[in-house]
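Each chain, letter by letter, is given below.
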Amino acid sequence: MNKLIECKPKNSIKLLINTNSSTVTKQNHTLLIVSLFFMRMALVAWIAAFAASAVSAPVSGPVKWHPGHYYDLMGSKNNSKYMAQVYKELKNTPALRGVQIRYTWAELETSYGVYNFTSIDKNLAELATQNKRLIILLQIKAFDPNMASVPEYLKAGIYDEGIFSFNNGGSTIIKGHNIKLWNSNVRDRLVALVSALGTRFNSHPYFEGIGLTETSMGVPIKTLSSTQEDDFYSNLSLVNKKMREFFPNTMTFQFTNYPRSFLKSFIENLSAIGTGLGGPDTFIEDPGLNHPGDKHSPSGVYSYYPKLSGIIPLTPSVMQSNYANTRWDKTGREPTVLELLTFARDKLKANYIFWTRAPGYYPKVLLMLNESNQTRDPVGGLDPNCPKVYNSCID
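Think of each chain on its own: its residues are numbered from 1, step by step along the sequence as written. Confidence filtering applies because this is a predicted model: local features only for residues at pLDDT of at least 70, side-chain atom pairs given and counted only at 80 or more, and all residues used for totals across whole chains, interfaces and linings. Each side-chain value is worked out from all heavy atoms of the structure, with water and hydrogens disregarded.

> What is the right way to look at the environment of K364 in this model?
Strands here mean DSSP runs of E at least two residues long; helices mean DSSP runs of H or I at least four residues long; both are numbered from the N terminus. With respect to the helices and strands, the residue K364 is situated in helix α14 (residues 362–369). Throughout this description, buried means an accessible area under 20% of the type-specific maximum (1.4 Å probe, protein chains only), exposed means over 50%, and partly exposed covers the range between. For K364, a relative accessible area of 42% corresponds to the partly exposed category. The sequence separation of K364 and T336 amounts to 28 residues, and the corresponding C-alpha distance is 8.9 Å.

Right, dumping it as structure tokens:
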């Protein structure tokens with residue numbers, strides 16, 4: 001650009017009246033180049049501005065929005081006797097607005113491109129008769145090494161056998177399996193599943209939400225490269241983006257906990273595309289999750305919740321281990337269910353809380369949820385406001 005300016009003739013008036021056609025042609029050519037250059041720069045700037053606004057734009061269309069308290073089931077969703085008891089408890093507990101149920105990839109895609117949503121259909125129909133809602137969690141990380149978490153075809157070579165084994169660190173004992181999401185073929189098949197689910201359930205009035213299991217990989221038995229780790233989280237962000245596209249009228253969320261080093265950029269991506277921030281655990285005194293962040297160590301995930309209150313959905317869970325101890329390493333104490341509620345409601349600013357129906361604990365949860373503080377409004381005392389990332393919400 002500077003060279004073009006420096007080459008511009010100093011006496012522009014003379015050039016304008018010069019009758020020499022060669023000189024005029026050269027000047028016009030120079031002016032054309034300069035004009036095209038600035039037009040190109042303006043176009044590039046416009047495209048960049050448009051792209052930036054598109055990434056951070058609110059989710060289009062109204063979104064089903066029924067925040068509040070939900071059961072998270074531990075027993076078999078296909079066991080009629082178990083589900084009958086669950087439905088009875090839902091009926092007797094108005095503050096419970098519905099159920100979160102986990103579904104593995106393997107049970108939803110029985111073979112390549114062949115989907116079986118019978119279980120979802122059944123549970124959804126039964127819940128609808130009670131005016132209760134269904135939220136599903138796609139369980140792509142299995143904590144049982146014997147669980148068939150992915151379709152059999154995913155174990156082929158182009159998918160790099162689909163899954164990797166992990167432990168909890170300091171041991172060679174396999175604790176479970178996670179998907180090799182750094183493999184683009186695995187990513188694309190997961191996107192295809194999400195697409196099929198969106199086509200089937202996005203418009204159902206009682207299908208409230210869909211989310212993905214925790215971001216923590218576990219400790220891989222076989223060490224991963226930095227490229228594999230980066231691609232894993234990049235593809236996880238992409239799957240969330242696609243999930244928002246395929247569920248434009250449904251709340252979507254990502255359970256997020258570790259690693260802390262990537263949280264800032266990852267959560268910024270979630271916020272930009274309108275995906276909710278959720279958590280697999282509510283450990284009210286855990287130092288890693290509660291870490292405020294300093295120059296030596298990144299912030300824990302809990303520090304992000306208050307900053308995003310009112311912007312995106314916030315969906316923490318209370319798991320069985322959270323009832324038993326305030327810390328992941330079990331060095332804390334046993335909290336009360338009221339303490340867990342207070343933490344998730346007041347510190348995490350929850351819109352939704354998923355209460356695990358854990359033996360020995362769920363009767364206490366039901367007792368608490370039937371108190372006046374939780375029954376005086378439909379959301380059970382949680383934040384009812386429609387997130388800013390949504391253009392509008394449907395109640």
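> Just checking my understanding: could you explain the nonpolar core for this structure?
Nonpolar side chains tend to gather and get buried jointly when the protein is soluble and globular. Within the largest apolar cluster, 98 residues are counted, with the highest numbers of intra-cluster contacts made by I120, L197 and W355. Here this core takes eight residues from helix α7 (residues 184–201), the largest share from any one element. Whether two residues touch is decided by their heavy atoms; if any such pair falls within 4.5 Å, the residues are in contact. If we ignore the near neighbours within four places in the chain, the residues touching I120 are Y103, L108, L134, I136, L197, F201 and F207. Joining through side-chain atoms within 4.5 Å is the link that ties buried Ala, Val, Leu, Ile, Met, Phe, Trp, Tyr and Cys residues into a set, and such a set is a nonpolar core.

> Can you help me understand the pattern of salt bridges in this one?
Oppositely charged side chains may form a pair once their charged atoms are brought near each other. The term salt bridge refers to a side-chain nitrogen of Lys or Arg lying within 4 Å of a carboxyl oxygen of Asp or Glu. This structure, assessed with the given rule, holds 17 salt bridges. A salt bridge links R189 to E109, with the shortest nitrogen-to-oxygen separation between them at 2.8 Å. Of this pair, R189 sits in helix α7 while E109 sits in strand β4 (residues 109–111), and the two are 80 residues apart along the sequence. Given the relative accessible area of 0%, E109 is considered buried.

> Would you mind showing me how to read the sheet that holds strand β13 (residues 276–279) here?
In sheet architecture, strand pairing relies on hydrogen bonds along the backbone and comes in two forms, parallel and antiparallel. Ordered in space as β2-β3-β6-β10-β12-β13-β14-β15, the eight strands form a closed barrel in which the pairing is parallel. When the angles between neighbouring strand axes are averaged without regard to direction, this sheet yields 25°. Relative to the sheet, helix α4 (residues 80–91) contacts β2 (68–72) and β3 (96–104), its axis offset from that of β3 by approximately 150°. DSSP calls a pair of strands paired once it identifies at least 2 bridges connecting them. Here, axes are lines fitted to C-alpha atoms. For helices the fit covers the stretch in contact, and angles between N-to-C directions go from 0 to 180 degrees.

> Explanation requested: the packing of α7 against helix α8 (residues 226–246) in the structure shown.
Interaxial distance between α7 and α8 falls to 9 Å at its minimum, and their mutual angle equals 20°. Between α7 and α8, the interaxial angle falls into the category roughly parallel. In terms of crossing hand, the pair formed by α7 and α8 is right-handed. Residue-level inspection shows R187, L190, V191, V194, S195 and G198 of α7 in contact with α8, the latter providing N235, L238, V239, K242, M243 and F246. Classifying every residue of the contact of α7 with α8 gives seven nonpolar, three polar and two charged. The scheme is simple: roughly parallel for angles under 35 degrees, roughly antiparallel for over 145, roughly perpendicular for 65 to 115, oblique for anything else. Helix crossings fall into two classes, left-handed where the near helix is turned counterclockwise from the far one by less than a right angle and right-handed where it is turned clockwise. Lys, Arg, Asp and Glu make up the charged group, whereas Ala, Val, Leu, Ile, Met, Phe, Trp, Tyr, Cys and Pro make up the nonpolar group; the residues left over, Gly among them, are polar.

> Sorry, what's going on with the packing of α8 against helix α9 (residues 263–273) here?
Angle between the axes and distance between the axes are the two parameters that describe a pair of packed helices. Between α8 and α9, the shortest axis-to-axis distance is 10 Å and the interhelical angle comes to 15°. Relative to α9, the element α8 is oriented roughly parallel. When the axes of α8 and α9 are compared, the crossing they make is right-handed. Contact residues: α8 offers Y233, L236, S237, N240, K241 and R244, while α9 offers F266, N269, L270 and I273. Tallied by class, the residues present in the contact of α8 with α9 amount to five nonpolar, three polar and two charged.

> Even after reading the chapter, I still don't get the state of the cysteines, so can you show me in this structure?
In this description, the term disulfide denotes a pair of cysteine sulfurs within 2.5 Å. Within this structure, the stated rule accounts for one disulfide. Here C386 connects covalently by a disulfide to C393, the sulfurs 2.0 Å from one another. What sets the handedness of the C386 and C393 disulfide is the S-S torsion sign, and at about 75° it is right-handed. Judged by its relative accessible area of 30%, C386 is partly exposed.

> Explanation requested: the pairing of β3 in the structure shown.
Counting buried residues in β3 gives eight out of nine residues, a clear majority hidden from the surface. Bridge count for β2 against β3 is four bridges, and the pairing is parallel. Looking across to β3, one finds that D72 is bridged to Q100. Throughout, right-handed denotes a crossover for which the path from the first strand over the helix to the second runs clockwise when the strands point away from the viewer. The parallel pair β2 and β3 is bridged by α4, and the resulting crossover is right-handed. For β3 and strand β6 (residues 133–139), the ladder comprises seven bridges, and the chain directions are parallel. Of the residues in β6, the one forming a bridge with G98 is R133.

> How should the sheet that holds strand β8 (residues 163–167) be read in this particular structure?
With respect to topology, four strands assemble into an open sheet ordered β7-β9-β8-β11, the strand pairing being antiparallel. Each edge of the open sheet carries a strand with a single partner, namely β7 (141–142) and β11 (219–220). Across two bridges, the pairing between β8 and β11 is antiparallel. Among the inter-strand pairings, F166 is bridged to a residue of β11, identified as P220.

> How do you make sense of the confidence of the model for the protein when you look at a structure like this?
Close inspection of predicted coordinates is inappropriate in any region flagged by low pLDDT. Confidence of the predictor at the level of single residues is captured by pLDDT, which takes values from 0 to 100. Confidence in the prediction for the protein averages 87 pLDDT; 85% of positions are at 70 or higher. A low-confidence stretch, residues 1–56 stays under pLDDT 50, and its non-local contacts, those more than four residues away or across chains, total 14 contacts.

> Explain the environment of A344 to me, please; I cannot follow it from the model alone.
Along the polypeptide, A344 turns up in helix α13 (residues 337–347). Judged by relative accessible area, which is 1%, A344 ranks as buried. In sequence terms A344 and T315 are 29 residues apart; their C-alpha atoms lie 9.0 Å from each other. Those residues within four positions of A344 in sequence are excluded, and the remaining contacts are P316, K349, A350 and I353.

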